[in-house]
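# Observations on the three-dimensional arrangement
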Amino acid sequence: MYKNFEEQFTGMMKFTPPLYKQRYQFVKDLVEKYKPKKVADLGCADCTLLWMLKFCSCIEVLAGLDSCANVMKEKMHRLSPLPVDYLQPAERSLTVTLLHGSVAHKDPCMLGFDLVTCIELIEHLEESELKKFPEVVFGFMAPSIVVISTPNSEFNPLLPGVALFRDPDHKFEWNRVQFRSWALETARRYGYSVEFTGVGHPPTGMENVGFCTQIGVFVRKYPQTSEFTPSEKPAEAVYKTVFKAVYPSLKDEKYLQNAVVGEVIFTAQIIKQSLLDRLMPEHKEHNDDPLERKSKFRPPVKCFSEDLERLLAEKSTEPFVNGDVVYIPLATIFSLPKVNQLCGTLEKLRQLIAGKVLLSSDGSAVMFSIERENEEN
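Reference entry: report on the structure contained in this document. Predicted, not measured: the structure shown is a model, and the values here were computed from it. (Residues numbered from 1 in each chain as written. Predicted model: local features only at pLDDT ≥ 70, side-chain atom pairs only at ≥ 80, totals over all residues. Heavy atoms only, no water.)

Here we take up the pattern of salt bridges. This model, assessed by the stated rule, comprises 12 salt bridges. With its nearest N and O atoms 3.8 Å apart, the salt bridge here joins E127 to K131. Of this pair, E127 and K131 both sit in helix α6 (residues 127-141), 4 residues apart, which is roughly one turn of the helix. Just as E127 is exposed, K131 falls in that class too. Connected through salt bridges with shared partners, the residues E185, R188 and R189 form a single ionic network. (Salt bridge = Lys/Arg side-chain N within 4 Å of Asp/Glu carboxyl O. Helix = DSSP H or I, 4+ residues; strand = E, 2+ residues; numbered from the N terminus. Buried < 20%, exposed > 50% of the residue type's maximum accessible area, 1.4 Å probe, protein only.)

Our focus in this paragraph is the packing of α6 against helix α7 (residues 176-190). Contact pair α6 / α7: the axes reach a minimum separation of 10 Å and the direction vectors enclose 45 degrees. Judged by the angle between their axes, α6 and α7 are oblique. The way α6 lies across α7 gives a crossing that is right-handed. Residues L130, F133, P134, E135, F138 and G139 of α6 pack against W182, T186 and Y190 of α7. Taken together, the residues of the contact of α6 with α7 sort by class into 6 nonpolar, 2 polar and 1 charged. (Axes fitted to C-alpha atoms, helices over the stretch in contact; angles between N-to-C directions. Parallel < 35°, antiparallel > 145°, perpendicular 65-115°, else oblique. Left-handed = near helix turned anticlockwise from the far one by under 90°. Contact = heavy atoms within 4.5 Å. Nonpolar A, V, L, I, M, F, W, Y, C, P; charged D, E, K, R; others polar.)

Moving on, we get to the sheet that holds strand β9 (residues 320-322). Strand order in this open sheet of 3 strands is β9-β10-β11, and the pairing throughout is antiparallel. Only two strands of the sheet have a single neighbouring strand rather than two, namely β9 and β11 (365-369). On average, each strand axis in the sheet is tilted by 30 degrees relative to the strand beside it, whichever way the strands run. (Pairing = 2+ DSSP bridges.)

Attention now goes to the packing of aromatic side chains. Inspection of the entire model under this criterion finds 14 aromatic pairs. With 5.2 Å between their ring centres and 80 degrees between their planes, W51 and F55 make a pair best called edge-to-face. What makes F55 exposed here is its relative accessible area of 51%. Aromatic side chains F172 and W174 sit 4.6 Å apart centroid to centroid with 35 degrees between the ring planes, which places their arrangement in the tilted category. For F172, a relative accessible area of 14% translates into the label buried. The structure contains a cluster of three or more aromatic residues connected by ring pairs, namely F133, F172, W174, F179, W182 and F196. A cation sits over an aromatic face here: K38 above F113, 5.0 Å from the ring centre. (Phe/Tyr/Trp six-rings, centres within 6.5 Å; stacked < 30°, edge-to-face > 60°. Lys NZ or Arg CZ within 6 Å of the ring centre and 35° of its normal.)

This is the structure we're talking about:
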């Protein structure tokens with residue numbers, strides 16, 4: 001809701017990109033810098049920031065909290081995995097959860113986060129909620145980093161149409177001195193340092209009013225084993241889960257096996273075709289019947305890379321043809337970077353493809369029947 005009101009006022013200031021996008025980009029840049037694995041967005045609203053952060057490869061857990069479940073439900077589908085996520089699973093795991101509740105309440109599900117963001121949140125809190133907010137976020141959750149953004153009231157006279165507050169739901173809007181005083185006291189009480197910055201530069205000649213949005217970046221000074229250890233977690237959960245998505249990942253054995261089998265078949269087919277292409281001239285000398293040659297060998301397909309040819313040439317154990325079967329050593333396939341990265345060990349590769357790919361009796365090579373393939377083609 002606030003984003004729509006803001007666009008009405010700040011659009012006349014010609015912020016490029018729009019101010020809300022600048023705030024989200026600020027958070028994304030912070031994520032790229034500190035590489036947090038677990039991130040929570042308090043006051044997530046329409047989930048736009050969460051949607052942006054799900055593409056950050058370092059993040060494995062994303063949680064959004066908001067007091068309005070309906071707003072989250074309208075947009076939560078954006079956080080669901082796409083078909084491509086199943087076709088090409090990522091190496092990292094990713095779980096996204098949306099929770100309905102108040103930042104004035106403690107819930108054990110919010111413990112253990114590296115980064116907590118509160119983007120344009122605190123000005124929406126009632127006085128009683130604002131008093132509890134520091135203890136919940138800094139005392140109980142105690143993440144390594146907290147980012148808080150809020151309107152800078154000194155900028156308001158530059159926004160046409162703003163009489164008192166930028167949004168009718170705002171309970172207050174602080175100037176820079178007020179925000180700085182609150183932030184420094186909160187940081188001192190809970191063992192954090194804080195740096196101040198912002199987004200939305202003022203017009204030339206009006207620099208004295210500061211940024212349109214003021215931002216405080218809080219960094220915890222002490223590890224959680226110190227005197228600033230989070231409070232004892234409550235006995236009961238108070239937040240209600242409204243959405244949860246677990247993305248497919250190569251850390252899941254099922255998806256890893258599918259990826260490895262696909263890569264092995266693809267690689268083996270290329271190696272097999274490379275071998276047959278090399279054998280065709282030799283076969284031609286002993287067989288002048290073009291129809292029979294065509295039934296035995298497919299036309300050359302130049303779909304393999306120079307790197308693959310080089311790796312094959314360096315191997316002491318080469319693929320070979322025995323009768324109507326092509327044998328491709330598993331060690332040769334394992335030596336290729338993508339397969340090696342996925343499996344880690346040759347034995348792991350053998351385990352993952354067992355029963356999915358035809359192997360020789362000793363499990364040392366992948367087997368392909370030339371005649372059966374020609375019949376299928």
